[in-house]
Amino acid sequence: MAASVREKQTVALKRMLNFNAPPLKNSAAEPVWKVLIYDRFGQDIISPLLTVKELRDMGITLHLLLHSDRDPIPDVPAIFFVMPTEDNIDRICQDLRNQLYESYYMNFISAISRSKLEDIASAALAANAVTQVTKVYDQYLNFITLEDDMFTLCHQNKELISYHAINRADIQDTDMEAIMDTIVDSLFCFFVTLGAVPIIRCPRGNAAEMVAVKLDKKLRENLRDARNSLFTGDNMAAGQFSFQRPLFVLADRNVDMATPLHHTWTYQALIHDVLDYQLNRVVMEEGAGGDPSPAGARPKKKNRKTYDLTGADKFWQKHKGSPFPEVAESVQEELDTYRTQEDEVKHLKSIMGLEGEDEGAISMLSDNTAKLTSAVSSLPELLEKKRLIDLHTNVATAVLDHIKSRKLDVYFEYEEKLMSKSTLDKSLLDIISDPDAGTPEDKMRLFLIYYITAQQAPSESDLEQYKTALLDAGCDLSPLNYIKQWKAFTKMAATPANYGNSGVKPMGLFSRVMNSGSQLVMEGVKNLVLKQHNLPVTRILDNLMEMKSNPETDDYRYFDPKMLRGSESSIPRNKNPFQEAIVFVVGGGNYIEYQNLVDYAKFKQGKKVVYGCSELSNAGQFIKQLSQLGQK
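Residue positions are counted from 1 within each chain, in the order its sequence is given. Per-residue local features are limited, in this predicted model, to residues with pLDDT of at least 70; the limit for side-chain atom pairs, both in listing and counting, is 80 or more; totals at the level of whole chains, interfaces and linings are taken over all residues. Values reported for side chains reflect all heavy atoms of the structure, with hydrogen atoms and water molecules removed beforehand.

1. A short note on the overall build of the chain
Here's step 1: Scanning the chain from terminus to terminus reveals 21 helices and 17 strands.
Here's step 2: A simple rule labels every residue: compare its accessible area, found with a 1.4 Å probe on the protein chains alone, to the largest value its type can have, and call it buried under 20%, exposed over 50%, or partly exposed in between. For the chain, the residues scored as buried account for 51% of the 632 residues in total.
Here's step 3: Pairs at least 24 apart in sequence give 79% of the contacts found in the chain among residues at least 6 apart.
Here's step 4: The accessible surface values rely on the Shrake-Rupley method and a 1.4 Å probe; as for residues, cover is taken only from the protein chains in view. Surface summary for the chain: the accessible area is close to 29900 Å², and the carbon and sulfur share equals 53%. Put simply, DSSP marks the helices as runs of H or I at least four residues long and the strands as runs of E at least two long, and each gets a number from the N terminus on. We call two residues in contact when some of their heavy atoms are within 4.5 Å.

Laid out in structure tokens, this is it:
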């Protein structure tokens, strides 16, 4: 996979916006002006990949939601990028009847069925608009790429394929089939875009296995129909097809229930945990602090600020996986270097303001013109730098407020000890009953991790004591009801998931308080440094990718969609370690696991690992799902 899946999806989108022709190399030509009509799904796919400016460069003057009130623009071509749902098709037919645009390019995010195509055709006939429907395409882009090595299936309606949806006690077979089909449809799109047929491995007897069986069947059917196969010919352009096929590991969320509840210590995962962070965008309320408004005055309206954390942001790319104290330090360093550069420009300004009479100034002038030119040319760069520094200062400050007010460093350290079975320095009850430590949700998360990772469950009397303390702290106990069932149900009860010997080295409190000008006062926050350790999902991947024998994964099923015949046992298996792998968690993933995989791949020369999940949920969202499951 020479190009990352993010690049491939971006190329596919650009191609679509260019009426499905490869974008022209000569940029001098004026682009054709056009309108882009998308639904919420299309919007979610495009927004992490293309900025408004990039859309404009491609000739998109207007981008509108399909179900908004749109005025007719009779002399402009329209590109539609929508899911093939009943509502969307009805609305497109209505547009055809109202003759909104000059020509219609229909692009369906996922393959459209024959019957729905016929609906569009008959509407076009009735509206006398057949000539205007220029092209209809299946784009196979039904997934959202968030990083070069991370994707998720959907953001709209994600509760339909959430952990809660898959693990409901009262689920019907037909519902389960529908959920699995939705997931498989997206994964199929992912592999079409990637242009590779994977070798699939999955555990037995859970949702991940159902997905694997269906995906294998779907890939197989597509490969068998050689004339219409999506994996042959021109879409396998030379160069993007590597001889080694990727390994696709399907894991089930139930393998590891502690990580999604875990308090974390790395920058990106912390942002996802404590702030409103979705599709690479943070939404923050501004002006929450500040002076209280005088009595009787209207309270100040809180401004919502959105920040995009993108691949173009070098600081973000470098530090999104760093422990938080390191990020705080780096923000400060960036700020200092920026200030010195700013001072240079100011200094030059003052010199240039000198009158020409005095000799010294003249000689300095010639020397300084060069400096000024370079200063002026570096201005846009400086301003961009300033914007990024402000962004990270604001975001990091917001995260820091949460860490301090909820004592998240204490939670993180304690949970790491629980998960790595190290000795504990204080009792769990103390933390739960400490009114200053965290929110009720924080306490519940901590207790659930203790319960999940405990070698043997606490005795009834201890459990009652914990429950009373949790209730006193204001916790909702329904997640615990579900986790109790889960623990009784999983065969894992005998061998609790092993979280590696993570160990956190506390580096003492921040002894040297950062220089007084620092925005981020880290006093009293523990400076914890992480040691590399593998979480269960990473460990499963490591066994399968490196062909290690391990009781945990030896029983995993093996599918090879390219083998058209032969039962599972007779398929010749690949014996060599894989160079590329995709791990996909059915039932929801999180940035903690993603970061753990990224760290793992850093130590493996030349290996590529991509992380995918059916939905991205942070601990708050996950615990909500557990409590819904526990209320039944």
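Once you've had a look at it, read on.
2. With respect to the sheet that holds strand β10 (residues 276-278)
Here's step 1: By this definition, two strands are paired if DSSP reports at least two bridges between them. Spatial strand order, β10-β11-β12: 3 strands in an open sheet with antiparallel pairing. If you trace the sheet from one side to the other, it starts and ends with β10 and β12 (303-308), each paired once. Put simply, the sheet's adjacent strands are angled 25° from each other on average, direction ignored.
Here's step 2: Bridge count for strand β11 (residues 281-286) against β12 is 6 bridges, and the pairing is antiparallel. Bridge assignment links Met 284 to a residue of β12, and that residue is Lys 305. For helices, the fitted line uses only the C-alpha atoms of the stretch in contact; every axis is such a line through C-alpha atoms, and the angle between N-to-C directions lies from 0 to 180 degrees.

3. Considering the side chain of Glu 546
Here's step 1: Tracing the sequence through the fold places Glu 546 in the loop between α19 (536-545) and β15 (557-559).
Here's step 2: Pairs of N or O atoms are called polar contacts if they sit within 3.5 Å, as long as, within protein, a hydrogen donor faces a hydrogen acceptor (for residues adjacent in sequence, only side-chain-to-side-chain pairs). A polar contact is formed between the side chain of Glu 546 and the side chain of Lys 607, at a distance of 3.1 Å.
Here's step 3: With near-sequence residues (within four places) excluded, Glu 546 lies in contact with Pro 577, Tyr 600, Lys 604 and Lys 607.

4. Regarding the sheet that holds strand β9 (residues 247-252)
Here's step 1: A sheet is described by the order of its strands in space; here 7 strands give the open sequence β6-β7-β17-β16-β9-β8-β15, paired in mixed fashion. Each edge of the sheet is formed by a strand with only one pairing partner; in this case those strands are β6 (144-147) and β15. Taking each pair of neighbouring strands and ignoring which way they run, the sheet shows an average axis angle of 20°.
Here's step 2: Pairing of strand β8 (residues 199-202) with β15 involves 3 bridges; the strand directions are antiparallel. In the sheet register, Ile 200 faces β15, and the bridge partner there is Phe 559.

5. With respect to the nonpolar core
Here's step 1: One finds Leu 13, Phe 81, Ile 271, Leu 275, Val 395, Val 399 and Leu 541 to be the most contacted residues of the largest nonpolar core, which totals 80 residues.
Here's step 2: Among the elements that make up this core, the one with the highest residue count is helix α13 (residues 379-406) (8 residues).
Here's step 3: When neighbours within four sequence positions are excluded, Leu 13 is seen to be in contact with Ile 45, Ile 46, Leu 49, Leu 50, Phe 81 and Leu 141. The definition of a nonpolar core used throughout is a set of buried Ala, Val, Leu, Ile, Met, Phe, Trp, Tyr and Cys residues joined through side-chain atoms within 4.5 Å.

6. As for the packing of aromatic side chains
Here's step 1: Under the pairing criterion, centres of Phe, Tyr and Trp rings, with the six-membered ring standing for Trp, must be within 6.5 Å; the plane angle then separates stacked pairs below 30 degrees from edge-to-face pairs above 60, leaving the rest tilted. The tally for this structure, following the rule as stated, stands at 25 aromatic pairs.
Here's step 2: Relative to Tyr 104, the ring of Tyr 101 has its centre 6.0 Å away and its plane inclined at 70°; by these criteria the two rings are edge-to-face.
Here's step 3: Given the relative accessible area of 0%, Tyr 104 is considered buried.
Here's step 4: With a centroid separation of 5.7 Å and an interplanar angle of 45°, the aromatic rings of Phe 447 and Tyr 450 are classed as tilted. Linking Phe 447 with Tyr 450, this pair stays in helix α16 (residues 440-453), spanning 3 residues, or about one helical turn. Across the pair, exposure class does not vary: Phe 447 and Tyr 450 are buried alike.
Here's step 5: By the ring-pair criterion, three or more aromatic residues cluster together here, those being Tyr 267, Tyr 277, Trp 316, Phe 324, Tyr 591, Tyr 594 and Tyr 611.
Here's step 6: Working rule: Lys NZ or Arg CZ, within 6 Å of ring centre, within 35 degrees of ring normal, means a charge sits over the ring. Taking the ring centre of Phe 19 as reference, the NZ or CZ of Lys 34 above it sits at 5.0 Å.
Here's step 7: Above the plane of the ring of Tyr 451 lies Lys 487, whose end atom (NZ or CZ) is 5.5 Å from the centre.

7. What to know about empty space enclosed by the protein
Here's step 1: Here a cavity denotes grid points, spaced 1 Å and computed from the protein atoms alone, that fit a 1.4 Å probe unable to get out, and a pocket denotes an open set having protein on both sides within 12 Å along at least 5 of 7 lines; residues with an atom within 4 Å of a point are the lining. Grid points are joined across faces, edges and corners, and a volume is the space filled by probe spheres set on the points. Scanning the model with the defined rule gives 5 cavities of 30 Å³ or more in all.
Here's step 2: In this model, the second largest cavity occupies a volume close to 80 Å³.
Here's step 3: Together, Pro 260, His 262, Thr 264, Ala 269, His 272, Asp 273, Asn 590, Tyr 591, Ile 592, Ser 617, Asn 618 and Ala 619 line the second largest cavity.
Here's step 4: Ranked by the residues each element gives to the lining of the second largest cavity, the list is headed by helix α9 (residues 267-274), at 3 residues.

8. A short note on the pattern of salt bridges
Here's step 1: The rule for a salt bridge is simple: a side-chain nitrogen of Lys or Arg has to be within 4 Å of a carboxyl oxygen of Asp or Glu. Tallied over the full model, the rule gives 29 salt bridges.
Here's step 2: With its nearest N and O atoms 3.1 Å apart, the salt bridge here joins Asp 57 to Lys 53. Highlighted residues: Asp 57 and Lys 53, both in helix α3 (residues 52-57), separated by 4 residues, approximately one helical turn.
Here's step 3: Residue classification places Asp 57 among the partly exposed positions, given a relative accessible area of 48%.
Here's step 4: Salt-bridge contacts for Arg 204 lead to Asp 555; the nearest nitrogen and oxygen are separated by 3.0 Å. Of this pair, Arg 204 sits in the loop between β8 and α8 (207-224) while Asp 555 sits in the loop between α19 and β15; the two residues are 351 residues apart in sequence, bridging distant segments of the chain.
Here's step 5: A relative accessible area of 47% places Asp 555 in the partly exposed class.

9. So, helix α4 (residues 86-98)
Here's step 1: The first and last C-alpha atoms of α4 sit 18 Å apart over 13 residues, in line with the 18 Å expected at 1.5 Å per residue.
Here's step 2: For α4, the full list of buried residues reads Asn 88, Ile 89, Arg 91, Ile 92, Cys 93, Asp 95 and Leu 96.
Here's step 3: Where α4 is buried, its residues contact β3 (73-82), β4 (101-108), α5 (114-126) and β5 (133-138).
Here's step 4: Phi turns positive, to about 50°, at Gln 99, one or two residues after α4. To estimate the expected span of a helix, subtract one from its residue number and multiply by 1.5 Å.

10. Comments concerning unusual backbone geometry
Here's step 1: In this structure, Asn 128 takes a positive phi of about 60° despite not being glycine.
Here's step 2: Its place among the elements puts Asn 128 in the loop between α5 and β5.
Here's step 3: The phi torsion at Met 547 lies on the positive side, around 60°, for a residue other than glycine.
Here's step 4: Tracing the chain through its elements places Met 547 in the loop between α19 and β15.
Here's step 5: A relative accessible area of 30% means that Met 547 is categorised as partly exposed.

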